[in-house]
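# Inside the fold
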Amino acid sequence: MSTRTATELLNEGWALQQRGDLSGAVRKYKAVLEDTADERDIRMLACLNLGNISFDLRDYVTAIMWYRKAAEVNPTDETPYFNLGNVFRDMEDNSAAISHYKMALERNPRDPDSQREMAHVYTKLSEVKLATEAFEKCIEFSEKPDPADCFNLGLLYYRTGSELGAMFRLRKFVRDSEDKLQLFDANNAFPRAAAIDRI
C-alpha cells in the first residue's frame, strides 16, 4: 500500500471515529496495519487510535495491547508511554502509571503533559514533594502554563506550610484565569487569600 493510501485510510478512520462510528474506524485502522509494513509513523498512529478507542470504552486490557504495539512500532516516541500511564492511572495502578510517565519523559524530558499527570498521581499518593516538583516542571515546560496547574501547585505549597509559595501561585492562577467560578473557588481554597494583594 502506498503511503498516500495508508494516510487516506488513517484519515477516514479518524473521521469515522469523530462521528462515533467506532467499528468503522477500527476496520480502517486495522486495514492500515495489515497493509503498511514500512510506514512507522502511520502504523504507530493507527495503533494509538485503536488504543484510544479501547481506552474511551474503558477496555483497558485492549488499550494496553494497542499502546504497547505502538511503542514497539516506534520506541522513541513518548506518546505510547504517556497513554499507557493514563491507562494505569485509571486502573489505579499508581506505580505502573508513574513508571510509564517516566518512560515518556525519558523520550521527551520537557513534556508538560507527562509531568502534569505524574504530579496528579503523586498528589493522590500524598507524595507532596514529588508532586510539587512535577507540577513545577510542568509549568516550566508549558508554552502557556495552565492556570489549573498553578492552582494545584499553590494547594501543594499550602499543604506544606509554604503560604508565600501558595500565594505566589494563587496570584498567578488569578491573573491567568478567565473563569470567574474558578476564581471564587481559588479564593475559598486559601484562608488567607485576601493577603495576596500585599505580595
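Above this text sits the structure in question.
The rules behind these values
Residues numbered from 1 in each chain as written. Predicted model: local features only at pLDDT ≥ 70, side-chain atom pairs only at ≥ 80, totals over all residues. Heavy atoms only, no water. Helix = DSSP H or I, 4+ residues; strand = E, 2+ residues; numbered from the N terminus. Buried < 20%, exposed > 50% of the residue type's maximum accessible area, 1.4 Å probe, protein only. Contact = heavy atoms within 4.5 Å. Areas by Shrake-Rupley, 256 points an atom, 1.4 Å probe, with all protein chains shown as cover. Expected span 1.5 Å × (residues − 1). Phe/Tyr/Trp six-rings, centres within 6.5 Å; stacked < 30°, edge-to-face > 60°. Lys NZ or Arg CZ within 6 Å of the ring centre and 35° of its normal. Salt bridge = Lys/Arg side-chain N within 4 Å of Asp/Glu carboxyl O. Lys, Arg positive; Asp, Glu negative; His and termini not counted. Polar contact = N/O pair within 3.5 Å; in protein donor to acceptor, adjacent residues only side chain to side chain.

### Focus on the overall build of the protein
- Each helix and strand in the protein was counted, giving 11 helices and 0 strands.
- Buried positions account for 47% of the 199 residues belonging to the protein.
- Taking the intrachain contacts of the protein between residues at least 6 apart in sequence as the baseline, contacts between residues at least 24 apart amount to 48%.
- Counting only carbon and sulfur atoms, one obtains 50% of the accessible surface of the protein, whose full area is about 10,900 Å².

### A short note on helix H5 (residues 79-90)
- The first and last C-alpha atoms of H5 sit 17 Å apart over 12 residues, in line with the 16 Å expected at 1.5 Å per residue.
- Extensive coverage of H5 is indicated by the burial of 9 of its 12 residues.
- Along H5, the residues classified as buried are Pro80, Tyr81, Phe82, Asn83, Leu84, Gly85, Asn86, Val87 and Phe88.
- On the buried face of H5, the contacting elements are helix H3 (40-56), helix H4 (60-73), helix H6 (94-107) and helix H7 (112-124).

### Overview of the packing of aromatic side chains
- Applying the stated criterion to the full structure yields 2 aromatic pairs.
- The interplanar angle of 50 degrees and the centroid separation of 5.8 Å between the aromatic rings of Phe55 and Tyr60 together place this pair among those described as tilted.
- Overall, Phe55 belongs to the buried group, its relative accessible area being 18%.
- Geometrically, the ring pair formed by Phe82 and Tyr101 is tilted, given 5.9 Å between the ring centres and 50 degrees between the ring planes. Of this pair, Phe82 sits in helix H5 while Tyr101 sits in helix H6, and the two are 19 residues apart along the sequence. Here Phe82 and Tyr101 have matching classes, each one buried.
- Over the aromatic face of Trp66 sits the side chain of Lys69, whose NZ or CZ is 4.9 Å from the ring centroid.

### Overview of the environment of Met65
- Looking at the element boundaries, Met65 is found in helix H4.
- According to the relative accessible area criterion, Met65 is partly exposed, its value standing at 36%.
- In this structure, the C-alpha to C-alpha distance between Met65 and Leu50, residues 15 residues apart in sequence, is 9.5 Å.

### A short note on the pattern of salt bridges
- Per the stated rule, a full pass over the model turns up 7 salt bridges.
- Notably, a salt bridge pairs Arg107 with Glu106, separated by 3.7 Å at the nearest N-O pair.
- Between Asp113 and Arg116 there is a salt bridge; the shortest N-O distance is 2.7 Å. Residue Asp113 and its partner Arg116 are both found in helix H7; the two are separated by 3 residues, about one turn of the helix.
- Since its relative accessible area comes to 36%, Asp113 is described here as partly exposed.
- Here the salt bridges share partners, and the residues they tie into one network are Arg89, Asp90 and Glu117.

### A short note on the side chain of Asp77
- Turning to its location among the elements, Asp77 is positioned in the loop between H4 and H5.
- One buried charged residue, Asp77, forms no salt bridge at all, with the nearest opposite charge on Arg40 at 7.5 Å.
- A polar atom in the side chain of Asp77 sits 2.7 Å from the backbone nitrogen of Thr79.
- Residue contacts for Asp77: discarding those within four places in its chain leaves Met44 and Arg107.

Everything listed here is a matter of coordinates, which is why it stays silent on function.
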